[in-house]
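For reference, the chains in residue letters:
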Amino acid sequence: MKNALRTLLYLLLPFALQAQFYTPMDIPVTIGGQSLKYPFAGGLNNPQPNQADLNGDGQDDLYLLDRTGNVHLVYLRSGGEYVYSPGFAQYFPEGAADWVILRDFNGDGVVDLFTQSQRMEAIQGVAVFTGRFENGHIAFDRLPLAHPKNIIPFTPPTGSPTQLYISNVDYPAIDDMDCDGDLDILTFNPSGGFIELYANQSVEQGYGLDSLRFVREENCWGGIFENSIEQEVGLADAPGECFDGLGGTLEERHPGSTLLTFDADNDGDKELILGDVSYPTLNFLHNGGDCDEAWINEQEVGFPAAGVPVDLPLFPTPFLADANLDGLPDLLAAPNSVNISEDREVLWVYQNTGTQQIPAFTFSQRDFLVEDMIDLGTGASPAFVDYNADGLLDLVVGNIGAYQPAGEKDTRLYLFENTGTATAPAFELVDDDYLGLSAFSTYTHFAPAFGDLDSDGDLDIVVGEVLGKLFYAENTAGPGNTLSFGPWQYNYMGIDVGSTSVPAIADLDRDGLPDLIIGERTGNINFFRNTGTPQEPAFNPDTEAPGNILALGNINAAVPGSITGYSAPTVLDQNGSYLLLVGTEAGQIEAYNQIEGNIGGSFNLDAERMGGLRPGIKSRAAIADLDGDGLLEMLVGNERGGLMAYHTDVPVGSPTGISGHRSAQLEVYPMPAAEQVTVVLPEAADAKVYNLTGQLMWSGPLPAGEQVLNLSAWPVGIYWLKAASGQNQYRARVVKQ
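For clarity, every value in this text was computed on a predicted model and none was experimentally measured. (Residues numbered from 1 in each chain as written. Predicted model: local features only at pLDDT ≥ 70, side-chain atom pairs only at ≥ 80, totals over all residues. Heavy atoms only, no water.)

### So, the environment of Glu218
Part 1 of the argument: Within the secondary structure, Glu218 sits in strand E17 (residues 214-218).
Part 2 of the argument: For Glu218, a relative accessible area of 14% puts it in the buried group.
Part 3 of the argument: In this structure, the C-alpha to C-alpha distance between Glu218 and Tyr198, residues 20 residues apart in sequence, is 7.2 Å.
Part 4 of the argument: Not counting chain neighbours up to four residues away, the residues in contact with Glu218 comprise Ile195, Glu196, Leu197, Asp292 and Glu293. (Helix = DSSP H or I, 4+ residues; strand = E, 2+ residues; numbered from the N terminus. Buried < 20%, exposed > 50% of the residue type's maximum accessible area, 1.4 Å probe, protein only. Contact = heavy atoms within 4.5 Å.)

### Description of the domain arrangement of the protein chain
Part 1 of the argument: Here the protein chain is described as being made up of domain 1 (46-152), domain 2 (169-366), domain 3 (378-651) and domain 4 (667-736).
Part 2 of the argument: On a C-alpha basis, the centroid separation for the pair domain 2 and domain 3 is 45 Å.
Part 3 of the argument: In this complex, domain 2 contributes seven residues to the contact, which on the side of domain 3 involves eight residues.
Part 4 of the argument: Approximately 590 Å² of surface area, both sides summed, lies buried where domain 2 meets domain 3, with 37% of it carried by carbon and sulfur atoms.
Part 5 of the argument: Among the residues of domain 2 in contact with domain 3, Asn339, Asp343 and Arg344 are the three that bury the most area, contributing 71% of the side total.
Part 6 of the argument: Joining domain 2 to domain 3, the criterion identifies one salt bridge. (Domains from an automatic or database assignment. Buried area = accessible area lost by both parts, 1.4 Å probe. Salt bridge = Lys/Arg side-chain N within 4 Å of Asp/Glu carboxyl O.)

### Re the pairing of strand E43 (residues 620-624)
Part 1 of the argument: Judged by how many residues are buried, E43 sits mostly within the fold: five of five residues are covered.
Part 2 of the argument: In E43, alternate side chains face the same way, and those of Arg620, Ala622 and Ala624 on one face and Ala621 and Ile623 on the other are all buried.
Part 3 of the argument: In the sheet, E43 pairs with strand E44 (residues 631-637) via five bridges, with the strands oriented antiparallel. Directly across from Ala621, in E44, lies its bridge partner Val636. (Pairing = 2+ DSSP bridges.)

### Structural notes on the pattern of salt bridges
Think of it this way: side chains of opposite charge can pair up when their charged atoms draw near.
Part 1 of the argument: Enumeration according to the criterion identifies 17 salt bridges in this entry.
Part 2 of the argument: The salt bridge involving Arg119 is made with Asp98; its shortest N-O contact spans 3.5 Å. Here Asp98 lies in strand E8 (residues 97-103) and Arg119 lies in helix H2 (residues 118-121), a separation of 21 residues in the sequence.
Part 3 of the argument: A relative accessible area of 3% means that Asp98 is categorised as buried.

### Description of the pairing of strand E41 (residues 589-593)
When a strand is regular, its side chains alternate between the sheet's two faces.
Part 1 of the argument: By the criterion of burial, E41 is predominantly enclosed, with five of the five residues buried.
Part 2 of the argument: Residues Ile589, Ala591 and Asn593 point to one face of E41 and Glu590 and Tyr592 to the other, with burial holding for every one of them.
Part 3 of the argument: Pairing of strand E40 (residues 577-583) with E41, which is carried by four bridges, proceeds in the antiparallel orientation. Across the sheet, residue Gly583 finds its bridge partner in E41, namely Ile589.
Part 4 of the argument: From the end of E40 to the start of E41, which pair antiparallel, there are five residues, and Gly587 there has a positive phi angle of about 110 degrees.
Part 5 of the argument: Note: E41 against strand E42 (residues 604-607), three bridges, orientation antiparallel. Counterpart to Ala591 in the pairing with E42 is Ala607.

### A short note on the state of the cysteines
Part 1 of the argument: For the coordinates displayed, the defined rule picks out two disulfides.
Part 2 of the argument: Paired through a disulfide, Cys220 and Cys242 show a sulfur-sulfur distance of 1.7 Å. Between Cys220 and Cys242 the sulfur-sulfur dihedral comes to about -60 degrees; the bridge is accordingly left-handed. Here Cys220 is found in the loop between E17 and strand E18 (257-262), whereas its partner Cys242 is found in the loop between E17 and E18, with 22 residues between them in sequence.
Part 3 of the argument: Cys242 sits in the partly exposed class, given a relative accessible area of 39%.
Part 4 of the argument: When the bonded cysteines of the protein chain are numbered from the N-terminus onward, they pair as 1-4, 2-3. (Disulfide = S-S within 2.5 Å.)

### Observations concerning the sheet that holds strand E14 (residues 173-175)
What links the strands of a sheet is backbone hydrogen bonding, and the strands pair in either a parallel or an antiparallel sense.
Part 1 of the argument: Taken in spatial order, the four strands of this open sheet run E14-E15-E16-E17, and their pairing is antiparallel. The open sheet has two edge strands with one neighbour each: E14 and E17. With strand direction ignored, the average angle separating the axes of adjacent strands in the sheet is 25 degrees.
Part 2 of the argument: Of the strand pairs in this sheet, strand E15 (residues 184-188) and strand E16 (residues 195-200) are connected by four bridges, and their pairing is antiparallel. Across the sheet, Ile185 pairs through a bridge with Tyr198, a residue of E16. (Axes fitted to C-alpha atoms, helices over the stretch in contact; angles between N-to-C directions.)

Dropping the structure here:
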């Protein structure tokens, strides 16, 4: 039933959940003394920038698809700069994936969208969406096309009708190649190294600009041939000819090429910049022909050769966009290979120091847009903990790893100290190798979790990793002190979930002992019951041992038909009832309740996509009340190596899942307090106090009138006092200095 529901929701989203979207949250973040402009933009790995007017104000904005997770990012132009505008992502088709190119093919002044069709139709081709403006934002409608899969059709001179094929690995060019005023498509032949030109004949056939009707105009555009051995392409001897390999056998091309066309010398025809999967550099190909007959007669390997050439491991893709908003198109380059390419300095900019007609490109920077956000390379797994016992929740983030030239991953924990206040959080990176875990260089996919495993009043740490085991370190600091850990222990308790362990710590069966809840690559969640004592935890690594559960709650984070799900659990104790949040490979955050007394049963799916979020694949959430408003905030990590921050509408302590509501206030004074507070209630009630992570700190009856509550045993921080009497509920914030 759950898989059927998920499939239905995929068809309906994003439209069905737009009204439930959580709003992005701005939290100041400082790294290396520099304040980040958009720290929670979510990171970049394989961005594809396009420019177009996205809000109807007549100015070109900046849109990016990131191939890692196929996430849409929008920067609206405002006041002479690009302003990150996460709310605009919802207006782009969710099925758009692998590559996206924005072009106005029908000449109505609103950009249209071309994209790979494989994720939508299970066939590699081109899907098209026409653009329109609606209430100040872009909106897209799927263009009906003659192919049964509603993709661009093509009928070869001999043979049956088929689709205009473009590989999901390649990045094509969509441009007016024959200078007739409409958009053509340039892409590689699927079986060889020749580039094919598909000319749009809609106008010629009497259909106007609002149709797309392509014929294969050329089998070897420009006469060039790309083989699988060297970066230099083979050049034809004269216009109208095809490179013939000097009479030898042509080496078949490997799949993986990226194309950018533009008129580099203002002679009317288009030059080509070519990227290849086997090389980190670009090849500039000069067109010595004309609009009727392209002929590539010169090439510049390692473009631009004058200055700093593009050097992006691996598989660079070139783009044109006005990065510095001076009105001239700049050259941008980004890696195209997912998971095996550079993942931090991923958007190179070459400023156009020439003119609109004859551009000249000068190297400017390697980290355009990335410089403004938290980006840890690949993967981000956040967890909250008050590491310095100042009453404010700090942030520890593990990554999958950052790209290294030798092929290894630089994997570690990052510590962000909360330098803000109880009502206004702010984070500063104070340790980029927290607890020295990078010393274990053969392990990746670090996922931290904190909990008091030995009942000594302080929080210990476990860290998941790629092989499915756990790192463990005991906190020896004692209650109320800055965290201080003993040596790392690998393969903690012999637990092995197979691959990519993501742990959480909670007393899920309410027996007084903290248990381990561990997600894994396949998408199930493992429950390891603590069979030890409060001071000596013990876990049987056998998933079939009594008390252990291989598929907790019958949860499967994998989408239908997939063998991987990458479940990432986060446990929240809400007023004595657990809420389980599960990050998934697909990227949404699932929420489950009805867990109490039901450990061996099926949990209730309270939300298929919590808050309507689309943060990117391999998501993991950390949730707490960061600003003391009584509602939980959520940070979500993703495979792009970044974090996204959201306000939620979930009250602290709400036992009903994600659909709680604010309660009436009760009176508490003085505020803030040091040792005790006076609570004033209009009637006798049962009361509970929670910290900002939802942990129950105290419970008991409170009489009507005034009652003194002792705070001396509590750490400095913010707490929520909640009281209930019949149908009446009361709530107040308690701040201990």
